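Examination of the molecular architecture
Each chain is listed here by its residues.
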Amino acid sequence: LQLDLPDRCLVSENITITVNWLLTPFTGNLSCIINTGDGYSIDPYQPENVSSRITHSYSSPGDFAVFVECSTSEWHVTAQGNIIVEEASGSLRVSGCFSQHEYKDGVCVAVYGEALWIQIELNTGTNMNVSLLADNRTLSESSVQTGDPAYNLTLDIASQHLIGPGIHHLQIVASSDRTSLTLNTSIIVQLFEAISGLQGQLSTTRLQAGKELQINVSVSRGAPMELKIEFKGSNGTFSHSRESPTGQTQISNISLNVEGMLLFRMSGNVQAWAVD
């Protein structure tokens, strides 16, 4: 007599218990008793064939012994197996992001068009299928095996083209084909276009000391940005920084309290912004 069943399963998961009668030929009727170890039993169980299957599910976690006893006119044999039933629950969270920019305050920051990896920690008792979604649109899908302490979801260039640059609230959904267990979490992703075409136009090239100099600043591509303006002269270097949330043409008024010839320099960088 052979008894086949899974080594482990989840609460409420349907499992198959297979009973194989190996003593053939035999005379008389084949009659069995099946006890699943959780208070459920079939007595008598009369299989129609020498190999038969029953479906069962456990309502609570634990370590259960499954017992089968079968008899014919000539034989009386038993078989036993064990199964570990785990709670059908778990946890899912984002533990970090990997790109050229830091992961800060729950926000992943990356330059649009460069790969971004979102690291998740998934704690369940079974293998899970994990999807990264934007407004119910699938950006990536992965299979996470039981025991993986951390896993990286990839937001590649093709996926970024589906949503474009900007601030995106993405959903991460983990589900299993074996059970109805579903876990959800979310992550904010900011994709910035690389800055290009940065220009600064001075209102004048001659200015009286102590007066304000007006600078018209614009970029042809990329936003938001952090702008830094520097003036270098014989008396030292003077700088002025400001943030440009739109990346569009703006006017900066800077008061210069020095005399002499100054070298003007301007630079801009992608800047992460806090999201409420």
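Residues numbered from 1 in each chain as written. Predicted model: local features only at pLDDT ≥ 70, side-chain atom pairs only at ≥ 80, totals over all residues. Heavy atoms only, no water.

**A look at the sheet that holds strand E4 (residues 31-35)**
- The strand order across the open sheet formed by 5 strands is E2-E8-E7-E4-E5, and the pairing between neighbours is mixed. Each edge of the open sheet carries a strand with a single partner, namely strand E2 (8-10) and strand E5 (41-45). Ignoring which end each strand starts from, the neighbouring axes of this sheet average 20 degrees apart.
- As judged from the 3 bridges shared by E4 and E5, these two strands associate in the antiparallel manner. Across the sheet, residue Asn35 finds its bridge partner in E5, namely Ser41. (Pairing = 2+ DSSP bridges. Helix = DSSP H or I, 4+ residues; strand = E, 2+ residues; numbered from the N terminus. Axes fitted to C-alpha atoms, helices over the stretch in contact; angles between N-to-C directions.)

**Quick word on the sheet that holds strand E6 (residues 51-56)**
- The sheet built from 3 strands is open, its strands ordered E1-E3-E6 with antiparallel pairing. Looking at which strands have only one partner, the edges of the open sheet turn out to be strand E1 (2-4) and E6. Across the sheet, the axes of successive neighbouring strands diverge by a mean angle of 20 degrees, strand direction being ignored.
- In this sheet, strand E3 (residues 15-20) lies alongside E1 in antiparallel orientation, the contact comprising 3 bridges. Counterpart to Asp4 in the pairing with E3 is Thr18.

**Quick look at the packing of aromatic side chains**
- Across all of its chains, the model carries 2 aromatic pairs by this definition.
- Between Trp21 and Phe26, the ring centres sit 6.0 Å apart and the planes meet at 75 degrees, which makes this aromatic pair edge-to-face.
- Accessibility expressed as a relative area gives 4% for Trp21, which makes it buried.
- Measuring from centroid to centroid gives 4.7 Å for Tyr58 and Phe64, while their planes differ by 25 degrees, and the two rings are stacked. Of the two residues, Tyr58 and Phe64, both sit in the buried class. (Phe/Tyr/Trp six-rings, centres within 6.5 Å; stacked < 30°, edge-to-face > 60°. Buried < 20%, exposed > 50% of the residue type's maximum accessible area, 1.4 Å probe, protein only.)

**Thoughts on the side chain of Ser131**
- Position of Ser131 relative to the elements: it lies in strand E12 (residues 128-134).
- Residue Ser131 is classed as buried on the basis of its relative accessible area of 16%.

**Brief notes about the state of the cysteines**
- Under the definition given, this model contains 2 disulfides.
- The disulfide that involves Cys97 links it to Cys108, with 1.5 Å between the sulfurs. Of this pair, Cys97 sits in strand E9 (residues 91-98) while Cys108 is found in strand E10 (residues 107-111), placing the two residues 11 residues apart along the sequence. For the pair shown, Cys97 and Cys108 are each scored as buried.
- What connects to what in the protein, once the bonded cysteines are numbered by sequence position, is 1-2, 3-4. (Disulfide = S-S within 2.5 Å.)

**Some remarks on the confidence of the model for the protein**
- Mean pLDDT over the protein: 82, with 85% of residues reaching 70 or higher.
- Mean pLDDT across the elements of the protein ranges from a minimum in strand E22 (residues 263-270), with 65, to a maximum in E4, with 95.
- Counting contacts from residues 271-276, a segment whose pLDDT is below 50, to residues more than four positions away or on other chains yields 15 contacts. (pLDDT = per-residue confidence, 0-100. Contact = heavy atoms within 4.5 Å.)

**Concerning the nonpolar core**
- Ranked by internal contacts, the top residues of the largest apolar core, which has 26 residues, are Ile118, Ile172 and Val189.
- Those elements giving two or more residues to this core turn out to be E9, E10, strand E11 (116-123), E12, strand E13 (137-144), strand E14 (151-155), strand E15 (166-175) and strand E16 (182-192).
- Those residues in contact with Ile118, other than ones at most four positions away along the chain, are Val94, Gly96, Cys97, Cys108, Leu132, Tyr151, Asn152, Leu153, Ile172, Ile187 and Val189.
- Leu5, Tyr45, Val77 and Val85 belong to the second-largest nonpolar core, a separate cluster that totals 24 residues. (Core = buried A, V, L, I, M, F, W, Y, C linked by side-chain atoms within 4.5 Å.)

**Side note on the environment of Leu3**
- Relative to the helices and strands, Leu3 resides in strand E1.
- A relative accessible area of 14% means that Leu3 is categorised as buried.
- Sequence separation of Leu3 and Val66 is 63 residues, and the distance between their C-alpha atoms is 8.8 Å.
- Beyond its immediate sequence surroundings of up to four residues, Leu3 is in contact with Ile17, Thr18, Val19, Val66, Val68, Ala79, Gln80 and Gly81.

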